[in-house]
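Each chain is listed here by its residues.
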Amino acid sequence: MKSISKLKKELDKWFSLYIRLRDSHNGLVQCFTCGCVKHYKKGMQNGHFQSRSFLATRFNEENCQPQCVGCNMFKQGEQYKFALNLDAKYGDGKAEELQILAKKIVKFTRVDYEEKISYYKDLVEKLKKEKLI
């Protein structure tokens, strides 16, 4: 039986793949903060507006957007630009809403992780077929 930390790591993998594939076209995806375009597997990551350390927003599809390694790692996620772009994409107040949500205490069970892994694994396979990747 997998530990909770191993399940969380596996969910991170499938969720990250989903986020990058969700916004890809012909395998290419645009960085949410700087606009550069790269292959979803090369040089792109799942960027979090609110830190991954907040479980309440770690797997939130609006909190997570494709980001290049430069923005996500070397520029600490470009949080200001990220916030502006979230409000532009989802409506004014979305960044603030996610900031508040991030502070909520959330606890996932083994079953929660297993269900989410299955859900995102299926979504990834479906997107790969739809996008012919």
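In what follows, the structure referred to is the one given above.
In this text the structure is predicted, and so the values were computed from the model without any measurement.

Asker: Help me understand the packing of helix 4 (residues 79-90) against helix 5 (residues 94-102) in this model?
Answerer: Think of two packed helices as two axes; the pair is described by the angle between the axes and how far apart they sit. Look at helix 4 against helix 5: their axes get within 7 Å of each other, and the N-to-C directions meet at 110°. Regarding the angle of helix 4 to helix 5, the classification is roughly perpendicular. Mapping the contact onto sequence places Ala 83, Leu 86, Asp 87 and Tyr 90 in helix 4 and Lys 94, Ala 95 and Leu 98 in helix 5.

Asker: Please clarify how the nonpolar core should be interpreted in this entry.
Answerer: Where a protein is soluble and globular, its nonpolar side chains tend to be buried together. If you look at the biggest cluster of nonpolar residues, it comprises 24 residues, and the most contacted ones within it are Tyr 18, Phe 59, Tyr 113 and Tyr 120. For this core, the secondary-structure elements that each account for two or more residues are helix 1 (4-22), strand 4 (64-68) and helix 6 (110-130). Discounting residues that sit within four places of it in the chain, Tyr 120 has contacts with Leu 11, Trp 14, Phe 15, Tyr 18, Phe 59 and Glu 61. Grouped together as the second largest cluster of nonpolar side chains are seven residues, Phe 49, Phe 82, Leu 86 and Leu 98 included.

Asker: Would you take a moment to explain the packing of aromatic side chains for this structure?
Answerer: Remark: the centre distance and the inter-plane angle together describe each pair of aromatic rings, the angle taken between the planes. Within this structure, the stated rule accounts for eight aromatic pairs. The interplanar angle of 35° and the centroid separation of 5.7 Å between the aromatic rings of Phe 49 and Phe 82 together place this pair among those described as tilted. Of this pair, Phe 49 sits in the loop between strand 3 (44-48) and helix 2 (55-58) while Phe 82 sits in helix 4, and the two are 33 residues apart along the sequence. Judged by relative accessible area, Phe 49 falls into the buried class, the value being 5%. Taking the relative accessible area as the measure of exposure, Phe 82 reaches 0% and is therefore buried. Arranged with centres 6.2 Å apart and planes meeting at 35°, the rings of Phe 59 and Phe 108 form a pair that is tilted. Taken as a pair, Phe 59 in the loop between helix 2 and strand 4 and Phe 108 in the loop between helix 5 and helix 6 lie far apart in primary sequence, 49 residues in all. Judged by relative accessible area, which is 9%, Phe 59 ranks as buried. You can call Phe 108 buried: its relative accessible area is 18%. Linked through ring pairs, Phe 15, Tyr 18, Phe 59, Phe 108, Tyr 113, Tyr 119 and Tyr 120 together constitute an aromatic cluster.

Criteria and thresholds
Residues numbered from 1 in each chain as written. Predicted model: local features only at pLDDT ≥ 70, side-chain atom pairs only at ≥ 80, totals over all residues. Heavy atoms only, no water. Axes fitted to C-alpha atoms, helices over the stretch in contact; angles between N-to-C directions. Helix = DSSP H or I, 4+ residues; strand = E, 2+ residues; numbered from the N terminus. Parallel < 35°, antiparallel > 145°, perpendicular 65-115°, else oblique. Contact = heavy atoms within 4.5 Å. Core = buried A, V, L, I, M, F, W, Y, C linked by side-chain atoms within 4.5 Å. Buried < 20%, exposed > 50% of the residue type's maximum accessible area, 1.4 Å probe, protein only. Phe/Tyr/Trp six-rings, centres within 6.5 Å; stacked < 30°, edge-to-face > 60°.

Remember that the coordinates give geometry; whether it matters functionally is a separate question.
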